[in-house]
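# Residue-level structure breakdown
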Amino acid sequence: MDLTELREQIDGIDAELISLLERRMDVAAAIAEVKNRTGKPVLDQAREAEKLARIKRSCREETGNGIAAVFETILAASRAHQTRILEERHG
């Protein structure tokens, strides 16, 4: 395979990731609504720590740290999205 073909594969994977991440943000928005109703805070440190540990265990050893770092960013983006939603609700 040449560089162009490999880059096309990456582009396809990126398109799938965008779709999945948008779905994830939609679910995060629904979670914000539940947290709003139940008075729970946006950040659940224990859950995030457990999630990151599980993600690292699910990955190959050589990719675990990098993928966990990506998920740290995803979790931060989800928290920011939830915070925005809750701030809009409460003005």
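You'll find the structure just up there.
Described in the following lines is the structure provided in the data block. Treat the numbers as computed from the prediction; the structure is a model and nothing was measured.

Turning our eyes to something else, we now look at helix H3 (residues 64-90). In this model, H3 (27 residues) spans 38 Å end to end at C-alpha, consistent with the 39 Å of a helix rising 1.5 Å per residue. Buried within H3 we find Gly 64, Ala 68, Ile 74, Leu 75, Ser 78, Gln 82, Ile 85 and Leu 86. For H3, the secondary structure elements touched by its buried residues are helix H1 (3-38) and helix H2 (45-58).

The N-to-C vectors of H2 and H3 enclose an angle of 150°; their axes lie 9 Å apart at closest approach. In terms of orientation, H2 lies roughly antiparallel with respect to H3. In this structure, H2 meets H3 at a crossing whose hand is right-handed. In this structure, H2 contributes Glu 48, Lys 51, Leu 52, Ile 55 and Lys 56 to the contact, and H3 contributes Gly 64, Asn 65, Ile 67, Ala 68, Phe 71, Glu 72, Leu 75 and Arg 79. Grouping the constituent residues of the contact of H2 with H3 by class yields six nonpolar, two polar and five charged.

Within this structure, the stated rule accounts for four salt bridges. Residue Glu 33 is joined to Arg 89 by a salt bridge in which the shortest nitrogen-to-oxygen separation is 2.5 Å. Highlighted residues: Glu 33 in helix H1 and Arg 89 in helix H3, separated in sequence by 56 residues. The class of Glu 33 is partly exposed, set by a relative accessible area of 23%. The class for Arg 89 is exposed, based on a relative accessible area of 51%.

What follows concerns H1. Helix length check: H1 (36 residues) gives 51 Å between terminal C-alpha atoms against 52 Å at 1.5 Å per residue, within 8%. Looking at H1, one finds that the buried residues are Ala 28, Ala 29, Ala 32 and Lys 35. Contacts from the buried residues of H1 go to H3. Regarding H1, its N-cap is Asp 2, as a side-chain oxygen of that residue lies 3.2 Å from the backbone nitrogen of Thr 4 further along. Phi for Gly 39, located one or two positions after H1, is positive at around 75°.

Contact pair H1 / H3: the axes reach a minimum separation of 9 Å and the direction vectors enclose 45°. Judged on the interaxial angle alone, H3 and H1 are oblique. The hand of the H1/H3 crossing is right-handed. Contacts between H1 and H3 involve Leu 21, Arg 24, Met 25, Ala 28, Ala 29, Ile 31, Ala 32, Glu 33, Lys 35 and Asn 36 from the former and Ile 74, Leu 75, Ala 77, Ser 78, His 81, Gln 82, Ile 85, Leu 86, Arg 89 and His 90 from the latter. Along the lines of polarity and charge, the residues of the contact of H1 with H3 split into 11 nonpolar, five polar and four charged.

Conventions adopted
- Residues numbered from 1 in each chain as written.
- Predicted model: local features only at pLDDT ≥ 70, side-chain atom pairs only at ≥ 80, totals over all residues.
- Heavy atoms only, no water.
- Helix = DSSP H or I, 4+ residues; strand = E, 2+ residues; numbered from the N terminus.
- Expected span 1.5 Å × (residues − 1).
- Buried < 20%, exposed > 50% of the residue type's maximum accessible area, 1.4 Å probe, protein only.
- Contact = heavy atoms within 4.5 Å.
- Axes fitted to C-alpha atoms, helices over the stretch in contact; angles between N-to-C directions.
- Parallel < 35°, antiparallel > 145°, perpendicular 65-115°, else oblique.
- Left-handed = near helix turned anticlockwise from the far one by under 90°.
- Nonpolar A, V, L, I, M, F, W, Y, C, P; charged D, E, K, R; others polar.
- Salt bridge = Lys/Arg side-chain N within 4 Å of Asp/Glu carboxyl O.
- Polar contact = N/O pair within 3.5 Å; in protein donor to acceptor, adjacent residues only side chain to side chain.

This is a description of form; function is not addressed.
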